[in-house]
Amino acid sequence: MAEYVNVAVDAMGGDNAPTEIVKGAVEAVNADKRVKVFLVGKEPVIREELKAYTYDAEQLEVVHAEEVIETAEPPVMAIRRKKDSSIVKAMYMVKNGECDAFVSAGSTGAVLVGGQVIVGRIRGVERPPLAPLIPTEKGVSLLLDCGANVDARPSMLVQFAKMGSVYMESVMGVKNPRVGIVNIGAEEEKGNALVKETFPLLKNCPEINFIGSVEARDIPAGAADVIVCEAFVGNVILKMYEGVSSALLHQVKQGMMSTLRSKIGALLVKPALKTTLKSFDTSQYGGAPLLGLNGLVVKTHGSSKAVEVKNSILQCIAFKEEKINEKIKEQISLEDKAAENN
């Protein structure tokens, strides 16, 4: 029997569930024979969606969960009370070793709480950050944190930098990734209290390739491979990124269709423009992993379509094959030993 990467997918979470979630799951198993998906949610509904597709039944199973955690529900209360929800049930599959990873487009709060309470943090990790890949002129950068820890301490940002470096090197193949901290200027003395306290800690950290401060305008140019900040700043950067990309694309399309001459020009540049725009399409990079847990938890956008769900599932393969959790555990263990020796 094939050795699969087993991924539990929250079939009921997100704006487009279950239709786009099920479609993305089917596309994932059809694209890669190494993955097996467990669609967790209301079985009759999921089965009805699956009737439209052809797939290898060995690679896809349905796990019934009667309840659904809605986005507006208080996360802690929902995790405690809705034990038979798709999120809770799928996370226990990761905790119990039945699955290697969990993917959800559902309630961010519930995913964050469930990740820490059910799957659990790696020993020594203060707080797990959400770490999405964002497109740049030079490829991609890892932004962490983008939504898990609005109020962070300097020691937490240092751990983010270390975990982000492990991820970029192991999963993305970036050797000695450049780490930058988000700031309002390049000078070391600039920034708020958190940045000023964190800067010297990162500067004196031998495990990472710290390049100093990175201003928001330099991020799209690929100024750093790992971009470190607390979740408030990271979420603003991510949402601004997405908003500007959407508005720019709209304006380009509108401009190209404004006159007969521009329409003719649009036909000529369409192939090159399509390639360029695809490189800045965030959906191709999948979701944001919650780093530092005992299992992989991936949060995709609430508005995710099938392509993003598919890519979120497939990114779990590299996570397992490159043994990211083991490498993060090793990094944190070295950190603890160094602290003991001091």
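Every value quoted in this text rests on a predicted model; they were computed, and no experiment measured them.

Q: Help me understand the overall build of the chain in this model?
A: Looking only at helices and strands, one finds eleven helices and eleven strands in the chain. Taken against the 2.2 N^0.38 rule, which gives 20 Å for 342 residues, the C-alpha radius of gyration of the chain at 21 Å falls within 12% of a compact globule. Dimensions of the chain, computed from C-alpha atoms along their principal axes, come out at roughly 65 × 60 × 40 Å. Expressed as a percentage of the 342 residues in the chain, the buried residues total 49%. Sequence separation of 24 or more characterises 71% of the internal contacts of the chain that already satisfy a separation of 6 or more. Looking at the chain as shown, the accessible area adds up to about 16400 Å², and 53% of this sits on carbon and sulfur atoms. A distance of 3 Å separates the average location of the 40 positive side-chain charges in the chain from that of its 43 negative side-chain charges.

Q: What is the right way to look at helix α10 (residues 306–321) in this model?
A: Three- or four-residue spacings in an α-helix give side chains the same orientation, since the helix completes a turn every 3.6 residues. For α10, with 16 residues, the first-to-last C-alpha span of 24 Å sits near the 22 Å given by 1.5 Å per residue. When α10 is considered as a whole, its buried residues turn out to be Ala306, Glu308, Val309, Asn311, Ser312, Ile313, Gln315, Cys316, Ile317 and Phe319. Of the residues one or two after α10, Lys323 is the one with positive phi, at around 50°.

Q: I tried to follow the sheet that holds strand β7 (residues 178–182) on my own but got confused; where do I start?
A: Strands pair in a sheet through their backbones, by hydrogen bonds, and they do so in one of two ways: parallel or antiparallel. Across the sheet, which stays open at both edges, the five strands sit in the order β5-β6-β9-β7-β8 with mixed pairing between neighbours. Whereas interior strands pair on both sides, the edge strands pair on one side only; in this sheet they are β5 (133–136) and β8 (209–214). Averaged over all pairs of adjacent strands, the angle between strand axes in this sheet comes to 30°, irrespective of strand direction. Two elements, β7 and β8, share five bridges in a ladder whose sense is parallel. Residue Val179 lies in a different strand from β8, and its bridge partner there is Phe210. Contacting β5, β6 (139–144), β7 and β9 (226–228), helix α6 (residues 154–170) runs over the sheet at an angle of about 165° to β9.

Q: I would appreciate a short explanation of the nonpolar core in the present structure.
A: Formed by 61 residues in total, the largest nonpolar core has its most connected members in Val7, Val9, Val37, Leu39, Leu50 and Ile313. Non-local contacts of Ile313, meaning those with residues more than four positions away in its chain, are made with Val7, Val9, Gly24, Ala25, Ala28, Val35, Val37 and Val103. Val40, Ala78, Val119 and Leu290 belong to the second largest nonpolar core, which has 39 residues in total.

Q: In this structure, what is going on with helix α5 (residues 108–119)? I would like to understand it.
A: The end-to-end C-alpha distance of α5, which contains twelve residues, comes to 15 Å, matching closely the 16 Å that a straight helix rising 1.5 Å per residue would cover. Burial in α5 covers these residues: Ala110, Val111, Leu112, Val113, Gly114, Gly115, Ile118 and Val119. Those residues of α5 that are buried lie in contact with α3 (75–81), α4 (86–95), β4 (101–104) and β11 (296–299). Note on α5: the residue one or two positions beyond its end, Gly120, has a positive phi of about 90°.

The rules we used
- Residues numbered from 1 in each chain as written.
- Predicted model: local features only at pLDDT ≥ 70, side-chain atom pairs only at ≥ 80, totals over all residues.
- Heavy atoms only, no water.
- Helix = DSSP H or I, 4+ residues; strand = E, 2+ residues; numbered from the N terminus.
- Rg over C-alpha atoms; globule rule 2.2 N^0.38 Å.
- Buried < 20%, exposed > 50% of the residue type's maximum accessible area, 1.4 Å probe, protein only.
- Contact = heavy atoms within 4.5 Å.
- Areas by Shrake-Rupley, 256 points an atom, 1.4 Å probe, with all protein chains shown as cover.
- Lys, Arg positive; Asp, Glu negative; His and termini not counted.
- Charge placed at Lys NZ, Arg CZ, Asp CG, Glu CD.
- Expected span 1.5 Å × (residues − 1).
- Pairing = 2+ DSSP bridges.
- Axes fitted to C-alpha atoms, helices over the stretch in contact; angles between N-to-C directions.
- Core = buried A, V, L, I, M, F, W, Y, C linked by side-chain atoms within 4.5 Å.

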